[in-house]
Structures are given as C-alpha cells and as structure tokens.
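# Coordinate inspection notes
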Amino acid sequence: MVSIPVIDLGGVIDGVPGAAEAAATELLAASKNAVFFYVENHGISVELMDAIIAEAARFHGLPMDEKMKVKVGKDLLGYLPPGGQQQRTSIYNDNTRAELSASFYMRREAPVGDPDGLAGTLGYFNNRWPDDLPGFRDTVLSYFDALDGLVQHLLPLFSIALGMGPRFFNDHEAFQPPNPNLRLLEYPDQDPAEENQFGIG
C-alpha cells in the first residue's frame, strides 16, 4: 500500500536557503509515485481550517430552495447541486451516472469599491453568496486568500521540480492574472453496492 507523502513547507515559506529545492525534490517523487501529497507548516491556522469546515457544513445544511437561490450559471460560481456533473473523460472508467457530490464554487473577488472590481478587470468575479448565512462570506474569502497565498509558494516547487527555474509558472501568461477557484464539497452517503456510482469521478 502506498502511503501519502508529507512535504514540509516551513523552510520554503521562511526563505531558508535550499529549502525550495529540497521540497521540490520531494514533490516530484510524490507526484511520480503516490500522485497525492500532504503539506505541513503551510502557514494556514488550524482555527481558519476548522472555520471553513464549519462554514461549508452550514452552507450545505441549508434547505435546498435556499441553496438553489445561488445556483451556478455558465460562470460556474455558486451552488452545484447533487447530480450536477458527470466526468466523461476518464481513462480509468466509463462513467455513466451523474455524481452525487454537491459543491459551492467561488473565485477571487475584489474588495467593495475596488477600482479593478468596479471596472470588471479580468481575474475578478461576482460570486454568488447566500443571503441569510452571517459570517459565511467573510470566512470563505479569508480562507481563499490564505490558500491563494499558499499557491504562490507551491507553484515555484512544481517549476523547480520540472527543471524550469523557480519563477516559470508564477510568471507564465497562463497565470496572469491568476484565476484560482475554491470548491466547498459535500459528499452524501451512498450505497457501495450501486454500480458505477461515485461521489466524484
């Protein structure tokens, strides 16, 4: 059984000489073997991680009619209900059934009154927020910002691992402007006997 590697980002974030190269070597090995990896000492507080889990549960616990008020459109922002997607491009399986998971999607949002947001500058989005969920928007935006900062430390590691130098991905036009999205998922209980049925493909 393959164990999931753990990559320590403490030295990377602190700017310790050689830490990025060492972490990039571990990341490359993890990507070739386990395919997944954990990161530790990433700078995101336990309190914020606990808070986003609680807020995701609060949102997904809303009545369906409330969640559907912020249903996704073509921009893929807001609520995607169960059965709203089906992976059709897997090389591992012919997925024939809609997936059971539900999602809340959001992307970078300009501060209220920010000139870029008001001008509709590329890279800023009009997220869909539930009306009656105090604290949800603020916590989600705080968590998004924390992860967005973490990405700036992770991209150089992928770039170094591929032999392209530390700034290749950060400076690449595909990331200008950066366009990350955050997806808060809910996986309902499912019957393991159901054939070809997945929470997410």
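Computed from a predicted model, the values in this text were never measured in an experiment. (Residues numbered from 1 in each chain as written. Predicted model: local features only at pLDDT ≥ 70, side-chain atom pairs only at ≥ 80, totals over all residues. Heavy atoms only, no water.)

## Quick look at a nonpolar patch on the surface
To keep it simple, the criterion reads: Patch members must show over 30% relative accessible area and no salt bridge, and they are joined within 9 Å when carrying like charges or within 5 Å when they are nonpolar side chains of Val, Leu, Ile, Met, Phe, Trp or Tyr. All accessibility values rest on the Shrake-Rupley procedure with a 1.4 Å probe; residue burial counts only the protein chains present in the view. For this analysis, a salt bridge means a side-chain nitrogen from Lys or Arg found within 4 Å of a carboxyl oxygen belonging to Asp or Glu. Every helix listed is a DSSP run of H or I at least four residues long, and every strand listed is a run of E at least two residues long, numbered separately from the N terminus.
The grouping of Ile4, Val6, Val35, Phe36 and Tyr38 at the surface amounts to a nonpolar patch, some 520 Å² of accessible area in total. As for its position among the elements, Phe36 is in the loop between helix 2 (19-32) and strand 2 (38-40).

## Concerning the confidence of the model for the chain
What counts here: Along the chain, pLDDT gives the predictor's confidence residue by residue, from 0 to 100.
When pLDDT is averaged across the chain, the result is 88; 95% of the residues are at 70 or more. Ranking the elements of the chain by mean pLDDT puts helix 5 (residues 115-119) last with 65 and helix 3 (residues 46-60) first with 97.

## Remarks on helix 3
Convention followed: Each helix should span, by expectation, one fewer than its residue count multiplied by 1.5 Å. Per-residue accessibility, obtained with a 1.4 Å probe over protein chains only, is compared with the maximum for each type, and a residue is labelled buried under 20%, exposed over 50%, and partly exposed between these values. Taken from the helix axis, the directions to the C-beta atoms give the arc we talk about. We call two residues in contact whenever any of their non-hydrogen atoms come within 4.5 Å of each other.
The end-to-end C-alpha separation of helix 3 is 21 Å, in line with the 21 Å expected for 15 residues at 1.5 Å each. Burial in helix 3 covers these residues: Leu48, Ile52, Glu55, Ala56, Phe59 and His60. Taken end-on, helix 3 shows its buried residues confined to a sector of 125°, consistent with a single buried face. Among the exposed residues of helix 3, those pointing more than 90 degrees away from its buried face are Val46, Glu47, Ile53 and Ala57. Those residues of helix 3 that are buried lie in contact with helix 4 (64-67), strand 3 (78-80), strand 4 (102-107), helix 6 (136-161) and strand 5 (181-186).

## A short note on the pattern of salt bridges
Working definition: two side chains of opposite charge can pair if their charged atoms are close together. Counted under the stated rule, the structure contains six salt bridges. Put simply, Glu66 and Lys69 hold a salt bridge, and the shortest N to O gap is 2.9 Å. Judged by relative accessible area, Glu66 falls into the partly exposed class, the value being 26%. By relative accessible area, which is 56% here, Lys69 ends up exposed. Arg167 is paired through a salt bridge with Asp171; the nearest N and O atoms lie 2.8 Å apart. You can call Asp171 partly exposed: its relative accessible area is 47%.

## A closer look at the sheet that holds strand 4
For the record, the criterion: Strands were regarded as paired on the criterion that DSSP finds at least two bridges between them. Orientation is described by lines fitted to C-alpha atoms, with helices fitted over the stretch in contact, and by angles between N-to-C directions that extend from 0 to 180 degrees.
Read from one edge to the other, the open sheet built from three strands follows the order 3-4-5, with strand pairing classed as antiparallel. What marks the edges here is a single partner per strand, and that holds for strand 3 and strand 5. Across the sheet, the axes of successive neighbouring strands diverge by a mean angle of 20°, strand direction being ignored. When strand 4 meets strand 5, the two strands line up antiparallel, connected through six bridges. Its bridge partner lying in strand 5, Phe104 is registered against Leu184. Sheet contacts for helix 3: strand 3, strand 4 and strand 5; angle to strand 5, the most-contacted strand, approximately 65°.

## As for the pairing of strand 4
Burial analysis of strand 4 places six of its six residues in the buried class, the great majority of the element. Side chains of strand 4 alternate between two faces, with Ala102, Phe104 and Met106 and Ser103, Tyr105 and Arg107 buried alike. As judged from the three bridges shared by strand 3 and strand 4, these two strands associate in the antiparallel manner. Paired with Gly78 across the bridge in strand 4 is Tyr105.

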